[in-house]
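Structural overview
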Protein chains: 2
Amino acid sequence: MRFYKIIAVVPAFVAVISSASSQERVDPDGALHIQDLPVPLSSFLSPEARTYMLHLLRDHPFAGGPSPEQDIQGYRARQDEIMNWFLKPIRDRYPANVEHKTIAGVYTDVVTPQGGVAPKNKNRVLLNVHGGGFVSGARTAALVESIPIASVEKIKVITIDYRMGPEYKFPAASEDVAAVYREILKEYQPQHVGLYGCSAGGMLTGMSIAWLQKVHLPNPSAIGVLCASIGDLGGGDASYLTGPLNGFTMPGGRRGSEETQFRPAYLSNVDPKDPLAYPINSPTLVATFPPTLLVTSTRGLEYSSAINSHNALVRAGVDAELHVWDGLPHAFWYNSDLPESRQVYDVIARFFDRHLAK
Amino acid sequence: MRFYKIIAVVPAFVAVISSASSQERVDPDGALHIQDLPVPLSSFLSPEARTYMLHLLRDHPFAGGPSPEQDIQGYRARQDEIMNWFLKPIRDRYPANVEHKTIAGVYTDVVTPQGGVAPKNKNRVLLNVHGGGFVSGARTAALVESIPIASVEKIKVITIDYRMGPEYKFPAASEDVAAVYREILKEYQPQHVGLYGCSAGGMLTGMSIAWLQKVHLPNPSAIGVLCASIGDLGGGDASYLTGPLNGFTMPGGRRGSEETQFRPAYLSNVDPKDPLAYPINSPTLVATFPPTLLVTSTRGLEYSSAINSHNALVRAGVDAELHVWDGLPHAFWYNSDLPESRQVYDVIARFFDRHLAK
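Below you will find a few notes about this structure. The numbering scheme is per chain: residues are counted from 1 as the chain's sequence reads. For naming, the first written chain is A and the first written ligand is 1, with later ones following in the order written. The predicted origin of the model limits local features to residues at a pLDDT of at least 70 and limits the giving and counting of side-chain atom pairs to 80 or more, whereas totals for whole chains, interfaces and linings rest on all residues. Side-chain calculation: all heavy atoms of the structure are included, whereas hydrogens and water are not.

Notes on the state of the cysteines
All names here are of chain A. Note that a disulfide, as used here, is simply two cysteine sulfur atoms within 2.5 Å. Overall, the coordinates contain two disulfides over all chains when judged by the stated rule. Between the sulfur atoms of Cys198 and its disulfide mate Cys227 the distance is 2.0 Å. The sign of the S-S torsion, about -120°, decides the handedness of the disulfide formed by Cys198 and Cys227: left-handed. A residue pair is termed long-range when its members are at least 10 positions apart, and Cys198 in strand 8 (residues 193-198) and Cys227 in the loop between strand 9 (222-226) and helix 8 (236-245) qualify at 29 residues. The burial state of Cys198 is the same as that of Cys227; both residues are buried. Labels follow the DSSP assignment, with helices taken as runs of H or I lasting at least four residues and strands as runs of E lasting at least two, numbered in each case from the N terminus. Exposure classes here rest on a 1.4 Å probe applied to the protein chains alone. A residue is buried below 20% of its type maximum, exposed above 50%, and partly exposed in between.

Okay, here's the thing in structure tokens:
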């Protein structure tokens, strides 16, 4: 309580900054070296989120399994196992029908809420592109991301099993999204269609806006770039801070750095400056984005790039909105046990309800 | 580049989280202990912001001067000196007329852009309540916050020299805001009035909404809670992380903690649960807030509480919007040399332009 008492008589702005004695070393280029820093769980977490974070930090439940290079099928099986942990309580909480449908030659799952689509949503549909690093997540993460939204918003969600690496390379996934969307537009007006995804799926959502323009398709009404950005997922303070805050060390024993571009096999053939893959490279393209929802969290590897994307969209005049949760990791909303996750479902549902035409 | 090459074949979500070997110690309660963590300047900073951050981290330009307890007038003189560093380039960049006016017995500065108020803003006015920890900033930080907004939005801004500590205690400042506002309402409709402030002024903005209801005055049209929250400024991951990221150690040699409530002398008589001082304590009150703009930055001590306030407002159904800048400290937008600061001016100006009635 010592600090409390001291700050009790020391006002904010300059008083704190002017405390000059530093435990940190500062390099000539401004790089800080942090030592001996305790960081408890965020005081803003719900009890459920505290329990989850403690589990992640202490038990490493997602560890294990082969790498994609060692055994791609084994890797996907392990990731699907993890996603099914998330999926089970979601299926219990959010009763929905899931029906396979091939659209334009692409496998999709069509999710409808058990009570039926709301009258206001009869002419509306959401497209989902799942996370999983452009290598996994089809039909599992896909349902984790789709079922709660279909159920909360009482809307049809079609989740697309787009082509991934290492078997396929960019722009295969963008082509699949465009193919499904083109077919969907035979039944729906673009102003009645939304598109969203998380992580790699959030990136693919932004990429898809670029690709749809290339193939002369109209924008959907609104998009959700979740746990992602419209550029690379790395960069900024998050590259350095969020690794340790999740209790892990980066591969190779090295911490995150601003060189940590997210470059999976799927994107290995892509110029990092190519706006078709990283739309933030083109302000002209960014200015054409439809209303865009960004959701991130302060222990998510993407949080700096997400807020930077939000700023770029706002500067370009796009109706972009940002929501951030404190002290939670990348894609935390996959876990429906957390009140914070259910807040995310509400934010997504309301966003599309506001932006899709009636 | 080693990490880059490794991640090039490792996909995002689970792959990173599953890297289980940890350099961090994790306490049974989930507290991490970070060691040997390099954190460079954010890769998203503009060149001007890099220069400024380097200056802050290496030169500690805001250090020095007496504490408020030692010498309140000396403390204020030092803070005013610092604010005048920011004010000088602002006066050069944003020509404006500043006129003293006593309103309802309260000292105010009335700021009008040199070219005159825009026709659309003839019936509109913004009220500003300055930062400075409820102890300093009157007539200096006040102009730093008011002049750029008056100039960019071409609108009249009245900045209020409200009563502060240690001479006065809560709710003196809220009473002064209410007194000025009551007088302003003789000339303006509430739907034509906006209110904003930064740091302590951001807190006071939220407090004022509570106080106006207590004294039966209508809400202004929209408010800006900048570098602040509608609760305490501390809490969350920011309490622990942003101190080291600014290169300073907290007073008493201890780092920030979740006990770091911002409790200046002005608030020393207030129950931390009192919604009149900390509106976030009352969801019923929060639900009555007008459209609210929140601006924060990831190295700002308030960023966790700011995003938490945004979430609380959104959950309560308030039209709240959040903007965050990466790698910048508390109240960075006082420095008009930064493109990021000028982006903040634009965000504030557009926000009020959208929300104030025509």
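Observations concerning the sheet that holds strand 7 (residues 156-160) of chain A
All names here are of chain A. Spatially, 4-5-7-6-8-9-10-11 is the arrangement adopted by the eight strands of the open sheet, whose pairing is mixed. Looking at which strands have only one partner, the edges of the open sheet turn out to be strand 4 (96-103) and strand 11 (320-329). When the angles between neighbouring strand axes are averaged without regard to direction, this sheet yields 20°. Should DSSP find at least two bridges between two strands, the strands are taken to pair. In terms of strand pairing, strand 4 meets strand 5 (residues 106-113) through eight bridges, oriented antiparallel. For Glu99, the partnering residue across the bridge sits in strand 5 and is Val110. A fitted line through C-alpha atoms serves as each axis, taken over the contacting stretch for helices, and the angle formed by two N-to-C directions is quoted from 0 to 180°.

What about the environment of Pro166 of chain A?
Summarising the element assignment, Pro166 of chain A is placed in the loop between strand 7 and helix 6 (172-184). The contact rule is simple, with two residues in contact once any of their heavy atoms fall within 4.5 Å. Once residues lying within four places of it in the same chain are set aside, the contact partners of Pro166 of chain A are Ile72, Arg76, Val135 and Ala265 of chain A.

Describing the pattern of salt bridges
Once their charged atoms are close, side chains differing in charge can pair, the charge on each being opposite to the other. Note on definitions: salt bridges are taken to be side-chain nitrogens of Lys or Arg within 4 Å of carboxyl oxygens of Asp or Glu. Tallying each qualifying case throughout the model produces 28 salt bridges over all chains. Between Asp237 of chain B and Arg299 of chain A there is a salt bridge, with its nearest N and O atoms 2.7 Å apart. Here Asp237 of chain B, found in helix 8 (residues 236-245), pairs with Arg299 of chain A, found in strand 10 (residues 292-299), and the two come from separate chains. As far as burial versus exposure is concerned, Asp237 of chain B and Arg299 of chain A are alike and both buried. The partner of Arg354 of chain B in a salt bridge is Glu321 of chain B, with the nearest N and O atoms 2.6 Å apart. Placement of the pair is Arg354 of chain B in helix 11 (residues 339-355) and Glu321 of chain B in strand 11 (residues 320-329), with a sequence separation of 33 residues. A relative accessible area of 18% means that Glu321 of chain B is categorised as buried.

With respect to unusual backbone geometry
A cis amide bond, omega -5°, links Gly165 of chain A with the succeeding residue Pro166 of chain A. In the segment running from Phe170 of chain B into Pro171 of chain B, the intervening peptide bond is cis, with an omega of 5°. Inspection of the secondary structure assignment puts Pro171 of chain B in the loop between strand 7 (156-160) and helix 6 (172-184). The phi dihedral of His216 of chain A falls on the positive side, at around 60°, and the residue is not glycine. Of note, His216 of chain A is situated in the loop between helix 7 (200-214) and strand 9. A positive phi angle, close to 45°, is found at His60 of chain B, a residue other than glycine. Looking at the secondary structure, you find His60 of chain B in the loop between helix 3 (47-59) and helix 4 (72-93).

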